[in-house]
Structure formats: C-alpha cells, structure tokens
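These are the residues of each chain, in order.
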Amino acid sequence: MGRAERAIVIGGGIGGLTAAVALHRRGTRVTVLERAPSLEPVGAAISLAPNALRGLDVIGLGDDIRALSAWQGDGGLRAPSGRWLSRTGAAAAEERFGGPLVLLHRATLIDHLAARLPPDAVRTAAAAHLVDPGEAGDPGRPARVGTPDGELEADLVVAADGIHSAVRRALFPDHPGPVYSGFTTWRVVIPLPGVEFASHETWGRGRIWGTHPLKDGRVYAYAAAVAPAGEHAPDDERAELLRRYGDWHDPIPAVLAAARPEDVLRHDVHHIAEPLPAHHRGRVALVGDAAHAMPPTLGQGGNQAIEDAITLSLVDDLPAYTAARLRRTTAITRRAVRVARLNMMTGRVGTAVRDNAIAALSKAGPALFLRGFDGIADWRPPRPPYAAQRTRTDEGYED
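Residues numbered from 1 in each chain as written. Predicted model: local features only at pLDDT ≥ 70, side-chain atom pairs only at ≥ 80, totals over all residues. Heavy atoms only, no water.

*Asks:* Talk me through helix α4 (residues 90-97); I want residue IDs and the actual numbers.
*Replies:* Every buried residue of α4 is listed here: Ala90, Ala93 and Phe97. Buried residues in α4, looked at end-on, bunch into an arc of 65°, giving them a common side. Turned more than 90 degrees from where α4 packs its buried face, Ala91 and Glu95 sit exposed. A positive phi of about 75° marks glycine 98, the residue just after α4. (Buried < 20%, exposed > 50% of the residue type's maximum accessible area, 1.4 Å probe, protein only. Helix = DSSP H or I, 4+ residues; strand = E, 2+ residues; numbered from the N terminus. Arc of directions from axis to C-beta.)

*Asks:* Break down the environment of glycine 60 for me, with residues and values.
*Replies:* Here glycine 60 is to be found in the loop between α2 (50-58) and α3 (62-66). Taking the C-alpha atoms as reference points, glycine 60 and alanine 22, 38 residues apart in sequence, are found 9.6 Å from one another. Glycine 60 has contacts with Arg25 and Arg116, leaving out every residue within four places of it along the chain. (Contact = heavy atoms within 4.5 Å.)

*Asks:* How would you summarise the pairing of strand β4 (residues 74-78) if you had to cite specific residues and measurements?
*Replies:* The side chains of a regular strand alternate between the sheet's two faces. With 4 of its 5 residues buried, β4 lies for the most part within the structure. One ladder, built from 5 bridges, connects β4 with strand β5 (residues 84-89); its direction is antiparallel. Its bridge partner being in β5, glycine 75 is matched across the sheet by threonine 88. Hairpin connection between β4 and β5: a loop of 5 residues separates the two successive antiparallel strands, and glycine 82 in this loop has a positive phi of roughly 105°. For β4 and strand β13 (residues 199-203), the ladder comprises 4 bridges, and the chain directions are parallel. When the sheet's bridge partners are listed, arginine 78 is paired in β13 with threonine 202. (Pairing = 2+ DSSP bridges.)

*Asks:* Go over the pattern of salt bridges, please, and point to the residues and values.
*Replies:* Scanning all chains against the criterion turns up 20 salt bridges. A salt bridge links aspartate 132 to arginine 144; the shortest N-O distance between them is 3.9 Å. Note that aspartate 132 is positioned in strand β8 (residues 129-132) and arginine 144 in strand β9 (residues 143-147), a separation of 12 residues in sequence. With a relative accessible area of 12%, aspartate 132 lands in the buried category. Put simply, glutamate 240 and arginine 243 hold a salt bridge, and the shortest N to O gap is 2.7 Å. In this pair, glutamate 240 and arginine 243 are both assigned in helix α7 (residues 237-245), 3 residues apart and thus about one turn of the helix distant. Each of Glu231, Asp235, Glu237, Glu240, Arg243, Arg244 and Arg266 takes part in one network of salt bridges that share partners. (Salt bridge = Lys/Arg side-chain N within 4 Å of Asp/Glu carboxyl O.)

*Asks:* I'd like a rundown of the sheet that holds strand β2 (residues 29-33), residues and numbers included.
*Replies:* In spatial order, the strands read β7-β2-β1-β11-β18-β17; together these 6 strands make up an open sheet with mixed pairing. Looking at the sheet topology across the chains shown, the edges are occupied by β7 (122-123) and β17 (280-281). The pairing of strand β1 (residues 6-10) with strand β11 (residues 156-159) spans 4 bridges and is parallel. Bridged to isoleucine 10 within β11 is alanine 159.

*Asks:* Describe the side chain of histidine 292, and please don't skip the residues or the numbers.
*Replies:* Tracing the backbone through its elements, the reader meets histidine 292 in helix α9 (residues 289-292). Given the relative accessible area of 5%, histidine 292 is considered buried. With residues up to four places along the chain from it excluded, the contact list for histidine 292 reads Ile272, His279, Gln304, Ala305, Asp308, Thr329 and Thr333.

In structure tokens:
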C-alpha cells in the first residue's frame with residue numbers, strides 16, 4: 001500500500017511474518033506481536049503452490065523455498081486398497097503451473113521469514129488487542145493496539161491472528177464467524193528410514209489419508225475423517241488412526257507403526273462460510289485465516305495468506321486491498337468446501353461412483369489433482385518480476 005511509516009502486525013504466523021517482511025522491505029517500521037512464547041509453530045507441514053512461491057519471490061525468498069522441494073517422479077490419488085485412481089508427476093505439475101509444488105515443515109518457513117526481519121521487530125509472549133481501528137482519512141487518528149506494556153499507535157495494523165481472530169470480531173461484531181466444516185484432521189511428521197513410496201493422497205468413505213516426503217528425510221502424513229465436533233479418541237490419537245486406517249495400503253501401516261502417540265496432532269476443521277463484507281476497516285487489514293479461513297482440501301490456507309500479505313504491501317490503499325482479495329479468496333474457499341464434500345463422501349454407492357469417475361476423467365485429461373489448482377496456482381503478484389495479469393477464479397476473472 002502507499003507507504004505506512006509504522007505498522008503493527010498481530011500474529012507471528014506465516015501470513016503475519018510475510019506481511020511484516022514485505023512491509024519492512026518497503027521502508028515501513030514494523031513490530032510483530034505474537035502471543036505465544038516463541039515463533040515455533042504448533043503444526044506440521046505446509047504445501048506451497050506456485051502462486052505462493054511467486055509471492056515469496058517479491059520478498060526474495062522464493063528460490064530458497066523452491067530448493068526445498070522433495071517431490072520427484074509420480075504421485076497422485078489412490079483408493080484404500082492401493083489402486084491408483086489418478087496419477088501425475090512433479091514435472092507435469094511444474095509445466096502446467098510454471099513452477100513446483102513444495103512441501104516443507106512450517107517451522108522451516110517461519111525461520112526463513114523471521115530471518116529477514118530486524119532482530120527487534122518480533123515480540124513474543126506479547127498478547128495484543130485492537131483498541132481503535134483508526135481512520136484512514138484522518139491523519140490525526142492512528143490505529144491503537146493494546147499490549148501488556150501499554151498502547152502502541154500505527155498507520156497500519158495487520159491482523160493475522162488466525163481463525164478465531166479477536167480483531168475480526170472487533171471490526172465486524174455482527175459477522176457469524178467460523179463454522180465447523182464437518183470433519184477432523186490428524187497430522188504427523190516423523191522419520192521413516194528405508195520405506196519407499198510415491199507421494200499420494202488416498203480417499204476412502206468419509207476418510208482420507210496423505211503421505212509425502214520432506215526434503216530433510218522425514219515423512220509428512222495427514223488424515224481427515226467425518227466426525228462430530230470436539231470428539232477425541234478414548235485412548236490416544238495414534239490408536240484412533242490405527243482403528244481407522246490400519247488396514248489401508250502401504251506405506252500407511254509403516255507410518256502408524258513408526259509414530260508415537262505424542263507425534264500425532266488432532267484438530268477439528270472450521271471455515272468462514274459467510275464472507276466478510278470487507279478485508280479491512282479503518283487502518284486495519286485482515287490477512288489469512290482471520291479474513292477467509294478455508295478447509296485444507298486444496299492446501300491453500302497458507303498460500304492465500306502469503307498472497308494477502310504480498311498484495312497488501314503493494315496496493316495503494318486498503319479499499320484496493322479488499323478489492324484485490326475478497327472475491328478471489330471467497331471463490332477459493334467455496335471451491336475448497338466443494339472438494340471437502342467430494343472427498344468426505346460417506347455412502348458406499350456414491351463413493352464407488354466418485355472413484356470410477358475420477359479414474360475415467362484422469363485417463364481423458366490432466367489428473368484431478370492438477371485440475372484442482374486451475375485458476376489458483378497461476379496467480380501472479382501485481383509487480384515485477386511479475387506483471388499484473390488476469391487470473392481465472394471460480395466466479396470470473398479479476399486482476
């Protein structure tokens with residue numbers, strides 16, 4: 001945006017740190033306020049598609065992250081028996097979208113981003129709340145943020161405080177907020193020496209599983225299943241995974257055998273079903289899950305946060321930011337919800353029809369995995385080295 005002299009970023013996750021780095025590179029004095037005692041994220045891996053990698057190019061980080069790509073050769077979509085429903089490869093994905101898909105640990109990305117900020121820019125154990133959003137047209141009314149050490153003033157506040165954003169509630173108190181998406185997820189990152197496999201996602205009845213290699217030699221595995229909100233295993237979550245996926249194809253049993261109960265993270269999935277009226281108010285901009293939390297079925301949550309952050313640093317004002325982001329992220333969220341309905345189908349007949357249709361469609365053209373990124377992975381930032389181009393979305397074209 002038109003250069004702010006002073007910016008405060010609430011939240012030290014991927015979206016918040018990307019915004020902080022992008023603004024810092026434009027000459028803005030940035031303070032990141034993170035309520036956790038450290039920046040080490042609670043989570044597992046993140047998949048970065050070419051759209052997010054192009055965004056990271058703007059802050060000089062894209063090639064460093066591309067070098068961490070571990071996907072080589074074939075991969076695709078499987079049935080629990082191991083039958084391939086749809087196959088593709090890293091080269092085909094790169095050719096279709098002009099760049100690789102990179103899977104890496106979230107902590108690795110956080111470390112790369114934090115290293116590009118001044119040492120005193122990030123304050124941890126610093127809970128923050130919005131006191132006054134300020135008024136963009138009134139130079140005498142900056143935004144004000146409360147902290148345990150007193151209030152801070154800023155020309156711009158970037159709210160990257162996640163799906164349960166307190167800033168979003170303060171800006172839009174009548175918005176209903178996130179809703180339960182109908183399924184829960186598990187995530188595991190572990191060493192798995194001596195086990196070879198092709199990167200894959202497996203769809204069953206009301207359940208999915210994914211297994212992917214990381215550059216550092218570890219394996220990232222995730223699962224999702226239809227379940228009541230708030231449900232937890234009666235014993236431990238590894239045991240729950242064994243009950244649900246223990247008889248699925250290799251290497252799933254090997255992953256479960258190598259995992260310890262403490263290696264397994266479980267979280268219910270929520271998303272923002274009703275779009276916000278805007279992604280800004282006053283001098284405050286919402287980014288990432290605070291603005292448009294979506295199911296992980298397209299792997300775009302963190303990618304869209306990066307797009308948000310880069311766009312915010314480049315537009316002339318906050319209304320332009322909303323104009324650039326609201327329609328696109330709404331369309332992608334709706335697509336992710338539709339994909340969730342497809343891969344979380346529970347009926348036996350419907351699941352069989354789905355699987356046969358996927359196999360037939362994949363023989364006739366690009367794999368379903370690649371089709372799912374059309375209109376998403378081709379996004380380019382509105383500045384060099386990328387010119388602003390028309391980008392296809394579910395609901396039309398937008399700059």
